[in-house]
Structure formats: structure tokens, C-alpha cells
Amino acid sequence: MTGGAPTGGAGELVSFDPRDGRELGRYPRHSPADVAAAVAAARRASSGWAGLGHTERRRRLDAWRRLVVRRVPELVQLISAETGKTTADAQLEAVLVVDHLRWAAAHAARVLRRRRVFPGLLMYNHTATVDHHPLGVVGVIGPWNYPAFIPIGPIAHALAAGNTVVFKPSEYTPAVGAWLADTLDEVIGGPRVLEVVFGAGDTGAALCSAGVDKVAFTGSTATGRRVMAACAQGPTPVVLECGGKDAMLVDRDADVAAAADAAVWGGLSNAGQTCVGVERVYVHEAVADRFTALVVETAAALRTGTGPGADFGPMTTPEQPGIVQEHIRDALSRGARALLGGPDSARAGSASVRPVVLTDVPEDALVMTEETFGPVLVINRVAAMEEAVERTNRSVYGLGAAVYSRSAGTRIARQLRVGMVSVNSVLAFSGVPALPFGGTGASGFGRVHGPEGLREFARTQSVTRQRVRPFLQPLSFRRGPRTMDILLRLVRTVRG
Ligand code: NDP
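Residues numbered from 1 in each chain as written. Predicted model: local features only at pLDDT ≥ 70, side-chain atom pairs only at ≥ 80, totals over all residues. Heavy atoms only, no water.

Draft legend 1. Fine view of the domain arrangement of the chain. Taken domain by domain, the chain comprises domain 1 (12-242 + 448-458) and domain 2 (247-425). Each of domain 1 and domain 2 was reduced to a C-alpha centroid, and the two centroids are 30 Å apart. Residue-level contacts link 15 residues of domain 1 with 21 residues of domain 2. Note on domain 1 versus domain 2: buried area summed over both sides is about 1,400 Å², and carbon and sulfur give 59% of it. The interface formed by domain 1 and domain 2 holds 0 salt bridges in total. Taken together, the links from domain 1 to domain 2 amount to 6 residue pairs in polar contact (both at pLDDT 80 or more). Of all the secondary-structure elements, those providing two or more residues to the side of domain 1 that touches domain 2 are α3 (72-83) and α4 (87-112). (Domains from an automatic or database assignment. Contact = heavy atoms within 4.5 Å. Buried area = accessible area lost by both parts, 1.4 Å probe. Salt bridge = Lys/Arg side-chain N within 4 Å of Asp/Glu carboxyl O. Polar contact = N/O pair within 3.5 Å; in protein donor to acceptor, adjacent residues only side chain to side chain. Helix = DSSP H or I, 4+ residues; strand = E, 2+ residues; numbered from the N terminus.)

Below is the structure:
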């Protein structure tokens, strides 16, 4: 069954279940005026939320987390219904939501507290402090592939840092967006600190131009560019979490069975619709045959579809199977070989895509350069890990990567031009809330999660306070040559 295109009446957004095309709900399509009203409401709520301070905010965010935990089955059901992902994939997403929410609430006070810094020799008579104030209102624009886990990063960190939030969920997943805001509202009472606006790209564009104090965008690189251009007018600062073309590197001394298992799960779970999913594998030729055979054997045994025993579900959006098929065709036309499946594994008009494993794929094929975002794994063999590193770094993307090696995993990881690496596992960095999450190059910039994620949503302010009058005063027109002479001699003596 094709995933439903979210169209309704002119002013309506319809959410469909991609597993059977069933209508799930109708939502308003918010106009620029509606978006401006939501931002104005969030602005009115912002001073009260900021004024609560860290302890009270934590109390409320913890209450939200406990409510989410109590209602995990509800959240799981909604995620599955709007994305088509399996219950197990949706449960994993819900677990991550809870853990990241806890971390942001628990650590905001420590990370963002006022901090004294050493004023230095020249400014010995001052105290110097760094403050982190809330920005005000943060706009969050989210994708459909992890409709709760991905936005909860910027939402939780922005709220914990004392901001209010206006969230624009993907047009494919409005119900999950509404659920997040409504559950928070239930525990907070009073003015809403998380507003939701519904609609397609134009609603997101309106949010970029609505005068928010920062936009946290997660989505494709193409849309990220548009978001950045719109935000340039403000200028409104942006965090861009965009697409990836993540590689797994498998060394000759790797645990080959573990690497193969991880490649299959990292590449094919959630039907391959994971920004940090494994899209290409570079495997050392010494272990390539065994690794490839294990991957093909494991992938061939996976069950796809909508039944309870399925390992992964259908694709969420109706366009994606066509894109996946185009990538497979392009690779085969350039000389690649299909070890499992082929172009017929994905068909435009059918939401289910069966696992595909390709090998000997030229590095300039679409499946190597563009995000495929489907259950397709490429396995290319390399003569040495240096070659694997070089090919990995050739991509314009730089989101995540995985390395399997018993002796050199961390050393190889450090050579990769990506934002995050898991050694001897896949996607592990996503599950560590203290680790900043984000990429480089076409994968974007800025970070969510971890201390960097909290600081991303704070305005840093540096303050000096003169404690005593200085022995020398160079910051005055009354300074004479003698003052500057002493200062220069001092610098020569202590810094020369
Ligand atoms: P899109 O770029 O299509 O959309 C992302 C969000 O932006 C959606 O809410 C979308 O609205 C909205 N949007 C569309 N046009 C505009 C615009 N002009 N101005 C402002 N907002 C706009 O991405 P997808 O939803 O298809 O998500 C998949 C992509 O997200 C993949 O590339 C994936 O790699 C990436 N991603 C990156 C992650 C990361 O952390 N780096 C994590 C997860 C996904 P609507 O959907 O309603 O059109």
C-alpha cells in the first residue's frame, strides 16, 4: 500500500497510516499569520518560563518525562501509525526520547550555570564571569523518520535552557508533534511553552521568517539550504542537522560476525530511513568474502511488510521507493552487482521495499554520493583501512560513521571527517545523551544533545567587574607614555 500523501482541503492536513492508507487525523494547515500568532504566544510565555530558573524547570520537565514513560504505549502506537515503523523500532525511539529528555533536564543547571573565569594578568583587578541566558523563542523544524526522538533533542534542550519553543513537525507526522506538546501542556498548566504549528514546507518557511531567536532544523540538506537562506534575512541563527551518507569501515581484524550483524541492522532497520544509518560499507579484502556472505544471509532472512513479525515496515513517504529504485538502477548501470534484490525490490507505487545488497559500486554512483534512505546496503572492498578512510571522507556529507576493528578502531575513528563515530557498534552515539549530536559539511553544523546542545540554545554573555582600581590604567586618555612603557615591559617579562 502506498504511503498516503498528506493532502486534504486547502486549509487541512491529513495524516495517513502508510501501512494501509488509513486516515489517522486532520490538522489545520497553519498560515504565516497563524505561525506569527504561535510565536507571539510563545514569546509571551517565555519570560515566565525563563524566570522559573533551573530547579523549577527541571521539576516540570521531569514530570513531563514521567508522564511520557507512563504513556509509552500510546506514543509507540502513534509513531508506528504515522511512519509505518515496526513496534520494536517505535519502542526504541520512545526509549531514546525518555533518556534524552532526562539528560537535558538534569544537566542544564550544571552546564549553563554562571561561571567565573580567570581574568588574566593584565586584568587582574577584575572578576570575569560567563552567563548563559535563554534566547527567548526557538523554532524547531523536524523530519518524519524519527518524529519524536529527533525533535525531542532541540525541544528538550531549548526548554531546559529556559526558552519556549514553536515546533513544526513534518506534514507526515503531525499527530506525534501534537502528542508531545499536549503531554507537556498537561503537566505544566499555564501558558504553553511548546506550541505546535502544522503544515508543509511553507509553514516551516513561515517559522523561519517569524522572528524566532533561533531555528533548529532537521531534514534534508536541500531544505536546510532553504532554511538557512530564509534565516539569513533576520539574521536568525540556525542549527542544521541534515542528511548523511554514513559509512561503516570493517578492518581485517574485526569481529566479522558482529560487524555483519551491525551492518544489516544499521542499514536496514526502519527501512533504512535513518539519517545516521549505514549506507555504504568499506570492508578489508582479507575478510570481505566472509563479511559479505554473512550480510547477505542475514538480510535475506529479514521479513518486511506490515505484519506483526516484520523486521521493518514500509517506507513512510510515497516518493521514497522511487528514489531507492533509481539509485539501484543507476548503480547497476555503472557496473555494480546486486548480491541480494535489485531494482524490483523497490517499486514506485508500493510502500514496501525488500532488502538490497550491492557490491563493486563505483564511487560516483548515486547510491554512493546521495542519501538513498532505503533498505539498501553497499559493500565495497578495500585493500587497506587508509583507502576506506579516504573513500569515506570523499563524501560531501559528514554525519556519522561506524568502525569495526579490534586493534585500531579509535585511531581510524579520529581520521574520519564526520561528527560522530561508533567503534565496534552502530549508531551507539545516538543513545548517549551526553554526547553532542551533529555533522559537518553538507550534513550541517551546530549540535543538539550533550552540553553543546544546551549551549546551542543559550545566549552567552561575558561580564567583567572591576574590583579595585588598577595600578596602571591603559584604558583612559589620561594614560601617559610611562603607563604604556611599564605595560610593554611587563608583557616582555612575563609573556616574552
Ligand atoms: P525535509 O528536508 O523534506 O523536511 C524537513 C522538515 O522541513 C519538514 O518538517 C518539512 O516540512 C520542513 N520544510 C520543508 N520545506 C521547508 C522550507 N522551505 N522551510 C522550512 N521548513 C521546510 O526532510 P524529511 O522530512 O524528508 O526528513 C528526511 C531527511 O532528514 C533526510 O535527509 C535525513 O537524513 C534528515 N535527517 C537528519 C537528521 C540529523 O540529525 N542530521 C536526523 C533525521 C533526519 P514537510 O515535511 O511538512 O514538507
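There's plenty left to go through after this.
Draft legend 2. Representation of the sheet that holds strand β12 (residues 337-340) within the structure. If you walk across this open sheet you meet the 7 strands as β12-β13-β14-β11-β10-β16-β17, and the pairing is mixed. Looking along the sheet, the strands with just one partner apiece sit at the ends: β12 and β17 (420-423). Here the average twist between neighbouring strands, direction ignored, is 25 degrees. With respect to the sheet, helix α10 (residues 285-300) is in contact with β10 (247-250), β11 (280-284), β12, β13 (356-359) and β14 (376-382), its orientation differing from that of β11 by roughly 140 degrees. (Pairing = 2+ DSSP bridges. Axes fitted to C-alpha atoms, helices over the stretch in contact; angles between N-to-C directions.)

Draft legend 3. How the structure looks around the sheet that holds strand β20 (residues 458-466). Strand order across the open sheet formed by 3 strands is β3-β4-β20, with antiparallel pairing between neighbours. Either end of the sheet is taken by a strand with one partner, and the two such strands are β3 (115-117) and β20. With direction set aside, neighbouring strand axes in the sheet form an average angle of 30 degrees.

Draft legend 4. Highlighting the site of the ligand. Surrounding the ligand, one finds 30 residues, the nearest of these being G142, E171, C242, C275 and E371. Take E171: an N or O atom from its side chain is 2.7 Å from an oxygen atom of the ligand. A distance of 2.7 Å is found between an oxygen atom of the ligand and a side-chain nitrogen or oxygen belonging to S220. Out of a free accessible area of 900 Å², the ligand has 89% covered by protein chains. (Near = heavy atom within 4 Å. Areas by Shrake-Rupley, 256 points an atom, 1.4 Å probe, with all protein chains shown as cover.)

Draft legend 5. View of the packing of aromatic side chains. As enumerated under the stated definition, the model contains 4 aromatic pairs in all. Measuring from centroid to centroid gives 4.9 Å for Y27 and F198, while their planes differ by 45 degrees, and the two rings are tilted. One end of the pair, Y27, is in strand β2 (residues 23-28); the other, F198, is in the loop between β7 (194-196) and α7 (201-208), with 171 residues separating them in the sequence. Taken as a pair, Y27 and F198 share a single burial class, namely buried. (Phe/Tyr/Trp six-rings, centres within 6.5 Å; stacked < 30°, edge-to-face > 60°. Buried < 20%, exposed > 50% of the residue type's maximum accessible area, 1.4 Å probe, protein only.)

Draft legend 6. Representation of the environment of T87. In this structure, T87 sits in helix α4. Judged by its relative accessible area of 46%, T87 falls in the partly exposed class. Along the primary structure T87 and N145 are separated by 58 residues, whereas in three dimensions their C-alpha atoms are 14 Å apart. Contacts of T87, omitting those with residues within four sequence positions, involve V76 and S80.

Draft legend 7. Looking closely at helix α13 (residues 385-393). Restricting attention to buried positions, one finds in α13 the residues M385, A388, V389, R391 and T392. All buried residues of α13 project into a common sector of 165 degrees when viewed along the axis, lining one side. Its buried side turned inward, α13 meets β10, β11, β14 and α14 (409-414). (Arc of directions from axis to C-beta.)

Draft legend 8. Region of the structure containing the nonpolar core. In this structure, M248, V250, V281 and F291 are the most contacted members of the largest nonpolar core, which totals 64 residues. Each residue touching F291, except ones within four places of it in the same chain, is listed here: V250, V256, A259, A260, A263, V281, V283 and I379. The next biggest cluster of nonpolar side chains, apart from the first, holds 54 residues, and it includes V111, Y146, A148 and A175. (Core = buried A, V, L, I, M, F, W, Y, C linked by side-chain atoms within 4.5 Å.)

Draft legend 9. The arrangement of the pairing of β14 in detail. Within β14, 6 of the 7 residues are buried, leaving the element largely enclosed by the surrounding structure. With 5 bridges joining them, β11 and β14 adopt parallel strand pairing. Across the sheet, residue Y282 finds its bridge partner in β14, namely N380. As paired elements, β13 and β14 share 4 bridges and run parallel to each other. Bridge pairing in β14 places V356 opposite V376.

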